[in-house]
Amino acid sequence: MINKKIIENQILQAVEMVKKTNPMVGSITNSVTINLVANAQLAVGGAAAMVYLPDEGEFLARASGATYINVGTLLPIYEETLPRTAKALYEAEKPWVLDPVAVGIGELRTKLLMQFKEYKPSVIKGNASEIIALAGLWNLEGGIEESKVRGVDSTDAVSSARTAAVALAKCTGGAVFVSGETDLITDGSLVAFSHGGSHFFEKITGAGCSLGGVVAVYLSAASPFIAALTAAAVYNLAGKRAEDKVEGPGHFQSQFLDELYKATAEEIAYNKFEIEEE
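Keep in mind it's a predicted model, so treat the numbers as computed, not measured. In every chain, residue numbers begin from 1 and rise along the written sequence. Note on the predicted model: pLDDT of at least 70 is required for a residue's local features to be given, and 80 or more for side-chain atom pairs to be given and counted; whole-chain, interface and lining totals, by contrast, use all residues. Processing note: side-chain calculations cover all non-hydrogen atoms of the structure and skip hydrogens and water entirely.

Q: For this particular structure, what's the right way to read the pattern of salt bridges?
A: Pairing is possible between side chains of opposite charge, provided their charged atoms come close. By definition here, a salt bridge exists when the distance from a side-chain nitrogen of Lys or Arg to a carboxyl oxygen of Asp or Glu is within 4 Å. Scanning the entire structure with this criterion turns up 11 salt bridges. Here Arg-84 makes a salt bridge to Glu-80, at a shortest N to O gap of 2.4 Å. With a gap of 4 residues between them, Arg-84 and Glu-80 both fall in helix H4 (residues 78-92), about one helical turn apart. With relative accessibility at 29%, the residue Arg-84 sits in the partly exposed group. Between buried and exposed lies partly exposed: a residue is buried under 20% and exposed over 50% of the maximum accessible area for its type, with that area taken using a 1.4 Å probe on protein chains only. Judged by its relative accessible area of 40%, Glu-80 falls in the partly exposed class. Helix and strand assignments come from DSSP, with helices taken as H or I runs of at least 4 residues and strands as E runs of at least 2, each series counted from the N terminus.

Structure representation (structure tokens):
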């Protein structure tokens, strides 16, 4: 039987630990969204370190509490940087988050994502189409390599990615976060659904990327499943509160960062979610 109270306490502890220790998190992320990723990480209590060179990626892999790797807007140097960083993370047994942005588009992105299977990301965060396509690329149950990815947008419902998400989680031994109107988080045994958020997330650049960066912040202080669920909770809470105070996406982005910063551990832990066994 699932004890939801225990999970809420673990979320609370993760938030408190991050605010207390200010963990440094390394990120190699989408060049379009670096600023929002870093600001969101700072707002929840982390310390942001953004890099793109191979040796710096390897250094942060070993020195950071956790690392975030996002394959959006790839630069040629990432063909060297990303595998070296992921390998260093795996060898050092350090946790990391993979964001398979636009999986299935381009030879380099496909090559990199195939390599990452070997390095066992602790959390995979993507929209439904990306999760289905990645499972397909890795030849896992529920995957369709030709999934309907449209750039960074999903054309699949979150519920349709459940089988693929569970299969990916079992493959890596970590957790998978399927973002959408209702977020789905699984460790292969448990499946959680987190509620809240805002329609303005779709109207700003970097909502998803910054979410991945925040997962990495909490990953420095909690298990993959709890880290992903905590990030979902704070985003859904802050998104809803920000939307209630603004009229458009410009003000939403700044208000959202304020709400991330103001959210207390108790408010985050008790944001609405359900959990069930797979």
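What follows picks up the thread again.
Q: Sorry if this is basic, but what is going on with the sheet that holds strand S1 (residues 24-28) here?
A: Backbone hydrogen bonds are what pair the strands of a sheet, in a parallel or an antiparallel way. The pairing criterion is simple: DSSP has to find at least two bridges between the two strands. Taken together, 9 strands build an open sheet; the order of strands is S2-S1-S3-S4-S5-S8-S9-S10-S11 and the sheet is mixed. The sheet is open, and its two borders are formed by strand S2 (47-50) and strand S11 (273-277), each paired with just one other strand. Across this sheet, the average inter-strand angle for adjacent strands is 20°, counted without regard to direction. Note that strand S8 (residues 175-179) and strand S9 (residues 183-186) share 3 bridges and pair antiparallel. Paired with Phe-177 across the bridge in S9 is Ile-185. By the convention used here, residues are in contact when the closest approach between their heavy atoms is within 4.5 Å. Axes here refer to lines fitted to C-alpha atoms; in helices the fit is confined to the stretch in contact. Angles between the N-to-C directions go from 0 to 180 degrees. Sheet contacts for H4: S1, strand S3 (66-70) and strand S4 (96-99); angle to S3, the most-contacted strand, approximately 150°.

Q: I keep staring at the packing of helix H2 (residues 34-44) against helix H8 (residues 207-219) and nothing clicks. Help me out?
A: Running from amino to carboxyl end, H2 crosses H8 at an angle of 40°, the nearest separation of the two axes being 8 Å. Between H2 and H8, the interaxial angle falls into the category oblique. Crossing of H2 over H8 shows right-handed handedness. Taken together, the residues of H8 that come into contact with H2 (itself represented by Leu-36, Val-37, Ala-40, Gln-41 and Val-44) are Ala-207, Cys-209, Ser-210, Gly-213, Val-214, Val-217 and Tyr-218. Relative orientations are named as follows: roughly parallel for angles under 35 degrees, roughly antiparallel for angles over 145 degrees, roughly perpendicular for angles from 65 to 115 degrees, and oblique for any other angle. Handedness of each helix crossing follows the sense of rotation of the near helix against the far helix: counterclockwise by less than a right angle gives left-handed, clockwise gives right-handed.

Q: Would you take a moment to explain the packing of aromatic side chains for this structure?
A: Two measures describe an aromatic ring pair: the distance that separates the ring centres and the angle between the ring planes. In this scheme Phe, Tyr and Trp rings, the latter by its six-membered ring, pair at centre separations within 6.5 Å, and the angle between planes marks the pair as stacked below 30 degrees, edge-to-face above 60, and tilted otherwise. Counting across every chain of the model gives 8 aromatic pairs. Taken together, the aromatic side chains of Phe-200, Phe-201, Tyr-235, Phe-252 and Phe-256 make up a single cluster linked through ring pairs. Two thresholds decide whether a charge sits over a ring: the Lys NZ or Arg CZ must be within 6 Å of the ring centre and within 35 degrees of the ring normal. Its end group placed over the ring of Phe-273, Lys-4 keeps NZ or CZ at 4.5 Å from the ring centre.

Q: In this structure, what is going on with the packing of H4 against helix H5 (residues 107-116)? I would like to understand it.
A: Geometrically, a packed helix pair is captured by the angle between its two axes and the distance between the axes. The geometry of H4 relative to H5 is characterised by a closest axis approach of 10 Å and an angle of 10° between their N-to-C directions. Compared by their axis directions, H4 and H5 come out roughly parallel. Residue-level inspection shows Tyr-78, Glu-79, Leu-82, Pro-83 and Ala-86 of H4 in contact with H5, the latter providing Leu-108, Lys-111, Leu-112, Gln-115 and Phe-116. Charged means Asp, Glu, Lys or Arg here, nonpolar means Ala, Val, Leu, Ile, Met, Phe, Trp, Tyr, Cys or Pro, and polar covers whatever is left, Gly included. Within the contact of H4 with H5, the residues separate by chemical class into 7 nonpolar, 1 polar and 2 charged.

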